[in-house]
Amino acid sequence: MTAARPDIAPKQAPEATDFPTGFVWGAATAAYQVEGAAAEDGRTPSIWDTFSRTPGKVRNGDTGDIAADHYHRYRDDVQLMKQLGLKAYRFSISWSRVQPTGRGPAVERGLDFYRRLVDELLEAGITPVATLYHWDLPQELEDAGGWPQRVTTDRFADYAAIMAGALGDRVGMWTTFNEPWCSAFLGYGSGVHAPGRTEAASALRAAHHLNLAHGRAIEVLRGQLPAGAQTSVTLNLHQVRPLTDSAADADAARRIDAVGNRVFTGPMLRGEYPEDLIADTSHIVDWSQLVHDGDLAAISRPVDVLGINYYTPTLVSTPAEGAGDSRNDGHGNSDHSPWPGSEHVAFHLAEGKERTAMNWAIDPNGLYNLLMDVTRDHPGLPLMVTENGAAFDDYVSPEGRVEDPERIEYLHGHLDAVQRAIADGADVRGYFLWSLMDNFEWGYGYSKRFGAVYVDYASQRRIPKASAHWYADVIRRHALPPVTDLA
């Protein structure tokens, strides 16, 4: 991706508001965030079970032990998806549920849950989209060193083979990793995510091994899945902007683009690590020793679709001499940076923007720019928006409703950005709302609500919010309603 350029406003959308034929409408969740049943049917702890039980790591001491109890309520949840008109459901698989030690044979009881879920989705006319890994490494593999160890790529390839064998006859869309940047740099760099390590060199080693595990899994999937099955990876690409037009701020943006984006897009899509990334981090790791012969060819096996997650832009600068560094990067508070080699870069909250409950600036143009950046840098690559959404302080009214006009406005703006990008040449094949329902929001526990469906955690009652009904109308129309219909 190209760094260090200002925000560019999109062209005006055409009068017609229909989305392309075949455009996929979906919603997404992740296993640890919704399933619960943390110790049932052979499931063993993942790094998130361990992390959430560590005092001080998760707000209010919350854990995913019960979460949204999707493990027991999936049939009702699928019926809810059907009522909302969803065409696809993007879910992740708990590795420690199906292969508890991260090695050896699978546990059939764990596989059976996903077989039942997929069958229920297909019966409801909803396309299952399976993600192999959404941050929940089996704890035994972390005890053996985790993602900084090359052998973990072997374990992941074996796991991919198990899942392809179990579900390949009925799941036609597969994603290897969700946001490997978070796994590497928040898990091993800043420590705000599991496993909570703060080791810059380990973060970079983890990034390379996640890249390699992705490529090895693509090879496994292509070898076992039927013809026509699609493979992908989902990246949380940072839409990086310099604070000013100074050369120093342009370099800050370049640095964050390198370690925030091109550390993955370079090897995955070009078969190379960027030279500037290597130069920025050569004092931390020896890339010539880390990257073995054949690694880049393995990593760059073609994917059918690139998934893109977007919530808010990233505004950076190089601090003036004597100024304290600030890191309003939206990735949690830590004394340790998730940006190895560029720890000095300052992050800023965009001024003049409305904010979500996460204090993230609301800026749909960032999504438009990101889609156009990827289209320019990787022409012909099909894209999907695999996560987009917002947390707000939702509550149930005395009448039993959840009105969330801010979320509706957020979604309308970002779907409009998608539509404008398509009009300007981006090959965007679908949109997955984050999230289907309120859930365990990682280090924030249950304090942040991203769902289109409200979850009363005490009773596990589901209440579709106003935004859920609005999104159902968008799906029914296959088009954005007029702005006048937002209320």
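See the structure printed just above.
As a starting point, this report considers the structure included with it. (Residues numbered from 1 in each chain as written. Predicted model: local features only at pLDDT ≥ 70, side-chain atom pairs only at ≥ 80, totals over all residues. Heavy atoms only, no water.)

Here's the deal with the sheet that holds strand 11 (residues 428–434)
Condition: A pair of strands is labelled paired if DSSP reports no fewer than 2 bridges between them. Note on conventions: DSSP H or I runs of at least 4 residues are helices, E runs of at least 2 residues are strands, and numbering of each starts at the N terminus. Structural elements are reduced to axes, namely lines fitted to C-alpha atoms, with helices fitted over the stretch in contact, and the angle between N-to-C directions of any two is expressed from 0 to 180 degrees. What makes two residues a contact is simply this: any of their non-hydrogen atoms within 4.5 Å.
An order of 1-2-3-4-5-7-10-11 is seen for the eight strands of this closed barrel, with the pairing classed as parallel. When the angles between neighbouring strand axes are averaged without regard to direction, this sheet yields 25°. When strand 2 (residues 88–92) meets strand 3 (residues 127–133), the two strands line up parallel, connected through five bridges. Note on strand 3: the bridge partner recorded for alanine 88 is threonine 127. Along the sheet, helix 9 (residues 200–224) makes contact with strand 3, strand 4 (173–178) and strand 5 (230–235), crossing strand 4 at roughly 165°.

Overview of the packing of aromatic side chains
We count it as follows: To pair, rings of Phe, Tyr and Trp, with the six-membered ring standing in for Trp, must have centres within 6.5 Å; the planes then decide the type, stacked if under 30 degrees apart, edge-to-face if over 60, and tilted in the middle. Throughout, exposure labels follow a simple rule: accessible area from a 1.4 Å probe, protein chains only, divided by the maximum for the residue type, with under 20% read as buried, over 50% as exposed, and the rest as partly exposed. Geometrically, a lysine NZ or arginine CZ counts as sitting over a ring once it is within 6 Å of the ring centre and also within 35 degrees of the ring normal.
Following the criterion strictly, the structure yields 37 aromatic pairs and no others. With 5.5 Å between their ring centres and 85° between their planes, tyrosine 133 and tryptophan 147 make a pair best called edge-to-face. Separated by 14 residues along the polypeptide, tyrosine 133 in strand 3 and tryptophan 147 in the loop between helix 6 (139–143) and helix 7 (151–167) bring together distant segments of the chain. Just as tyrosine 133 is buried, tryptophan 147 falls in that class too. Their ring planes at 50° and their centres at 4.8 Å tell us that tyrosine 273 and tryptophan 287 sit as a pair that is tilted. Here the residue tyrosine 273 occupies a position in the loop between helix 10 (247–270) and helix 11 (275–281), and tryptophan 287 occupies one in helix 12 (residues 287–290), the gap between them amounting to 14 residues. Classification of tyrosine 273 by relative accessible area gives buried; the value is 8%. Looking at tryptophan 287, the relative accessible area reads 7%, which means it is buried. When the ring centre of tyrosine 454 is taken as origin, the NZ or CZ atom of arginine 449, which lies over that ring, is 4.0 Å away.

Quick look at the layout of surface pockets
Formally: Residues are said to line a cavity or pocket when one of their atoms sits within 4 Å of a point; the points come from a 1 Å grid over protein atoms alone, cavities being sets where a 1.4 Å probe fits but cannot get out and pockets being open sets with protein on both sides within 12 Å along at least five of seven lines. Grid points are joined across faces, edges and corners, and a volume is the space filled by probe spheres set on the points. The nonpolar class holds Ala, Val, Leu, Ile, Met, Phe, Trp, Tyr, Cys and Pro. Asp, Glu, Lys and Arg form the charged class, and all remaining residues, Gly among them, are polar.
Taken as a whole, the largest pocket holds about 1,100 Å³ of empty space. Lining the largest pocket are 50 residues, and of these Gly330, His331, Gly332, Trp360 and Tyr444 sit closest to its centre. Listed by contribution, the elements that provide at least two residues to the lining of the largest pocket are helix 8 (180–190), strand 8 (314–317) and strand 9 (346–348). Sorting elements by how many residues they give to the lining of the largest pocket places helix 8 first, with three residues. When its residues are assigned to classes, the lining of the largest pocket shows 20 nonpolar, 21 polar and nine charged.

Some thoughts on the side chain of serine 96
Going by this rule: Two N or O atoms form a polar contact when they lie within 3.5 Å of each other; inside protein one atom must be a possible hydrogen donor and the other a possible acceptor, and for residues adjacent in sequence the pair counts only when both atoms belong to side chains.
You can see serine 96 is positioned in helix 4 (residues 95–98). Residue serine 96 is classed as buried on the basis of its relative accessible area, which comes to 0%. At 2.9 Å, the side chain of serine 96 forms a polar contact with the backbone oxygen of threonine 44. Not counting chain neighbours up to four residues away, the residues in contact with serine 96 comprise Gly42, Arg43, Thr44, Pro45, Ser46 and Pro138.

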